[in-house]
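# Summary of structural features
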Amino acid sequence: MTTRETADGTGAVAGLLLAAGGGRRLGGRPKALLPHRGRPLVEHAVRVLREGGCETVHVVLGARADDVRARAPLPGCVLVDNPDWEQGMGSSLRAGLDSLAGTHARAALVSLVDQPGIGPEAVARVRAAYRGEETLASAAYDGVRGHPVLFGAAHWAGIAATATGDQGARAYLREHRSAVRLVECGDVARPFDIDTEADLTHLE
């Protein structure tokens, strides 16, 4: 690992976008394809990761993955299919971390496709918390842990072993809470989710 990588995570921190959800409470509309600023939401989410400093971005797809590929140009991204997407976020997190194994990435900065209120400023702040493979860091909003989160590679196996259902890494982070560095982002981002019809008002 170079000094540059150790200092700011350049080249070491990969973006990992979880975009497999089927939008069950949205009438079965995949969240990746929801329109935002004239384009599919997944394109916006990828751009946020890149503008926040993640040169490499892996995108986990699930619901209507072929349609997402056809309608959302994602050049330079590694597209990861999760055939078990209906089992919840945990399966997508496992698929994404598995796709990063064997790459040059030493940490994964994980974001969710359905949080358009979180922009590159929050991504950059969390990415800057990277100190090596043992790093655990998370955005916080008024002190409450949220996304994006950063997992050093030393934690990937443990996270994958405990990521079930829609819990994602919640159990692992709870078990290791003393090691998690909270990075306050409430002044630059809004951590709402697009889960229901009412939430669609947040899209532009």
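Please read these numbers as outputs of a predicted model, since none were measured by experiment.

Rules and cut-offs
- Residues numbered from 1 in each chain as written.
- Predicted model: local features only at pLDDT ≥ 70, side-chain atom pairs only at ≥ 80, totals over all residues.
- Heavy atoms only, no water.
- Core = buried A, V, L, I, M, F, W, Y, C linked by side-chain atoms within 4.5 Å.
- Buried < 20%, exposed > 50% of the residue type's maximum accessible area, 1.4 Å probe, protein only.
- Helix = DSSP H or I, 4+ residues; strand = E, 2+ residues; numbered from the N terminus.
- Contact = heavy atoms within 4.5 Å.
- Pairing = 2+ DSSP bridges.
- Axes fitted to C-alpha atoms, helices over the stretch in contact; angles between N-to-C directions.

## Some thoughts on the nonpolar core
- In this structure, Leu17, Ala19, Val42, Val59, Leu109 and Leu150 are the most contacted members of the largest nonpolar core, which totals 42 residues.
- Broken down by secondary-structure element, the contributors of at least two residues to this core are strand S1 (13–19), helix H2 (41–51), strand S4 (57–61), helix H3 (65–71), strand S6 (107–112), helix H5 (120–127) and strand S7 (136–141).
- No other element matches H2, which puts 6 residues into this core.
- Apart from the residues within four sequence positions on either side, Leu109 is in contact with Val13, Ala14, Gly15, Leu16, Leu49, Cys54, Val123, Val126, Arg127, Pro148, Val149 and Leu150.
- Judged by nonpolar contacts, the second largest core, of 25 residues, contains Ala95, Ala153, Ile159 and Ala163.

## Here we look at the sheet that holds S4
- Strands sit in the order S5-S4-S1-S6-S8-S7-S9 across an open sheet of 7 strands; the sheet is mixed. Every interior strand has two partners, whereas the edge strands, strand S5 (78–81) and strand S9 (180–184), have only one. Put simply, the sheet's adjacent strands are angled 25° from each other on average, direction ignored.
- Pairing between S1 and S6: 6 bridges, direction parallel. Paired with Ala14 across the two strands is Ala108, which belongs to S6.
- In this fold H2 packs onto S1, S4 and S6, with an angle of close to 165° to the strand it touches most, S1.
- Lying on the sheet, H5 is in contact with S1, S6, S7, strand S8 (144–152) and S9; it crosses S8 at an angle near 55°.

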